[in-house]
Amino acid sequence: MLFEDDPPPKLVGIARLAASSDLLEAKRQVQYLELATRRFIGRGSGRMQDIWTINPYRGCEYGCKYCYARYAHEFMELRDPELFEHKIFAKQFQAFAFRAEVRRLKPGDTIWIGTATDPYQPAERRFQITRQILEVFAGERGLDLGITTKSDLVARDAVLMARIAEKNKIRVHVTITTLDDRLARLIEPRAPRPALRLAAVSKLTEAGVPVSVLAHPVMPLINDSEASLDAVCAAGARNGASSFSAAPLFLKPCSAQVFLPFLEERFPHLVRRYRERFEKSAFLKGHYPEMIAERVERIRARHGIGKSRPPEWPLPSTFFDGQLELFPSLSKGPRPESSSPAGTLQRKVNRL
Ligand code: SF4
């Protein structure tokens, strides 16, 4: 168990399960915990409601500064957004139970793996949950699978994915926001280098697995120049990717709490402009998204490369249950810990 004593009695649902998690392994900066899981396959909402989602892990060690998925830890009452990259929950996987869930899918259903975590982050080397999921899908037919990752580990499963592709549709979406190693290290501190991701694109496409390259998110005055996006698209195309997509950054409260302090430290000259642009809405509106869409169209045409299949970026706001408030605490610093059981839990976790 994560705690010697029982979880605080008022915690319910996923927060209670998380508080009861067993520690699997601890590294210097990261702890892996095992999370009991009743269902692996979830339903999207809003315009994503036709899409099924699978997230083999909760949390992600890569620690991207713009990561929108940090909200996932809030459901477990882990409200410090940094915990998302330090407490990684591996979901308990049982092939027979998962197979029963898969059998309830219908031919043509779309399943997206990695909507709130990277399914090939370092935890996957140890626990191989994503691989076990794919092994089940290899026995199915007529499904439409999408996988999103920044990890070169994805190439490990190229042969398995090619087998899935014989009877299903499958596409891997590899995110590459920049080819500049230094910038990538700043904004995606523990993710594999861009060159390693491109090598994975090459291995997957050589095995016959269709790949899209995503340059999401496009961050104003950081990675949004036509030259930078063009270089990513060109490198993807050279390595066999058949589609390319890029769309502007959005900042939900959980990501703004990490991204804006990061800007202050590394790009202080941009802070005022970002605050002005994002203070009324988590999504950029008006001329900028239109300009980026036109830029991306030009780049695609230049390289003769297609558009990614849906689901497209950005995700609709309805996807972020519990994240609809806008920037409630940007000027107030981190949220205060409450004296509630959840606050007690937070303090215990922070001490670990
Ligand atoms: S790889 Fe994806 S899930 Fe992981 S930290 Fe980066 S944006 Fe978040």
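Placed above this text is the structure.
Residues numbered from 1 in each chain as written. Predicted model: local features only at pLDDT ≥ 70, side-chain atom pairs only at ≥ 80, totals over all residues. Heavy atoms only, no water.

K.L.:
I would appreciate a short explanation of the overall build of the chain in the present structure.
P.N.:
Looking only at helices and strands, the chain has 13 helices and 11 strands in total. Within the chain, the proportion of its 352 residues that are buried is 56%. Total accessible area on the chain stands at roughly 15500 Å², and carbon and sulfur atoms take up 51% of it. (Helix = DSSP H or I, 4+ residues; strand = E, 2+ residues; numbered from the N terminus. Buried < 20%, exposed > 50% of the residue type's maximum accessible area, 1.4 Å probe, protein only. Areas by Shrake-Rupley, 256 points an atom, 1.4 Å probe, with all protein chains shown as cover.)

K.L.:
Quick question: what am I supposed to make of the side chain of K91 here?
P.N.:
As for its position among the elements, K91 is in strand 6 (residues 87-91). E101 is the oppositely charged side chain nearest to the buried, salt-bridge-free K91, at an N-O distance of 9.3 Å. A polar side-chain atom of K91 sits 2.8 Å from the main-chain carbonyl oxygen of N55. In contact with K91, not counting residues within four places along its chain, are L35, T37, F40, N55, P56, R58 and I129. (Lys, Arg positive; Asp, Glu negative; His and termini not counted. Salt bridge = Lys/Arg side-chain N within 4 Å of Asp/Glu carboxyl O. Polar contact = N/O pair within 3.5 Å; in protein donor to acceptor, adjacent residues only side chain to side chain. Contact = heavy atoms within 4.5 Å.)

K.L.:
Whenever I open this one, the packing of aromatic side chains confuses me. Can you help?
P.N.:
The description of an aromatic ring pair uses the distance of the two centres, along with the angle that the planes make with each other. On inspection of all chains with the given rule, the structure shows 11 aromatic pairs. Aromatic side chains F98 and F137 sit 5.7 Å apart centroid to centroid with 90 degrees between the ring planes, which places their arrangement in the edge-to-face category. Here F98, found in helix 3 (residues 95-103), pairs with F137, found in helix 5 (residues 129-137); they are 39 residues apart in sequence, far enough to count as distant. Assessed through its relative accessible area of 1%, F137 is described here as buried. (Phe/Tyr/Trp six-rings, centres within 6.5 Å; stacked < 30°, edge-to-face > 60°.)

K.L.:
Mind showing me how you'd approach the site of the ligand here?
P.N.:
Surveying the vicinity of the ligand reveals the residues C60, Y62, G63, C64, Y66, C67, T117, D118 and K150. Grouping the constituent residues of the shell around the ligand by class yields five nonpolar, two polar and two charged. (Near = heavy atom within 4 Å. Nonpolar A, V, L, I, M, F, W, Y, C, P; charged D, E, K, R; others polar.)

K.L.:
What's the story with the sheet that holds strand 5 (residues 57-58) in this structure? I'm lost.
P.N.:
What holds strands together in a sheet is hydrogen bonding between their backbones, with the strands either parallel or antiparallel. Taken in spatial order, the four strands make up an open sheet running 1-2-6-5, and their pairing is mixed. Two strands in the sheet have a free side with no partner beyond their single neighbour: strand 1 (22-26) and strand 5. Examined bridge by bridge, strand 1 and strand 2 (residues 31-35) share four bridges and lie antiparallel to one another. What sits directly across from E25, in strand 2, is Y32. (Pairing = 2+ DSSP bridges.)

K.L.:
Quick question: what am I supposed to make of unusual backbone geometry here?
P.N.:
For residues besides glycine, phi is generally negative; the peptide bonds are generally trans as well. Across the junction of H216 and P217, the peptide omega takes the value -10 degrees, indicating a cis bond. Here P217 shows up in the loop between strand 10 (211-214) and helix 9 (226-238). Of note in this structure, Q128 is not a glycine but carries a positive phi near 55 degrees. Mapping Q128 onto the fold places it in the loop between helix 4 (123-127) and helix 5.

K.L.:
Explain the packing of helix 3 against helix 5 here, please?
P.N.:
Helices that pack against each other are described as a pair by the angle of their axes relative to one another and the distance between those axes. Where helix 3 contacts helix 5, the axes come no closer than 10 Å and their chain directions differ by 50 degrees. Here helix 3 lies oblique to helix 5, going by the angle between them. Considering the relative orientation of helix 3 and helix 5, their crossing is right-handed. Seen from helix 3, the contacting residues are A95, F98, R99 and V102; seen from helix 5, they are I133, V136 and F137. A per-class count over the contact of helix 3 with helix 5 returns six nonpolar, no polar and one charged. (Axes fitted to C-alpha atoms, helices over the stretch in contact; angles between N-to-C directions. Parallel < 35°, antiparallel > 145°, perpendicular 65-115°, else oblique. Left-handed = near helix turned anticlockwise from the far one by under 90°.)

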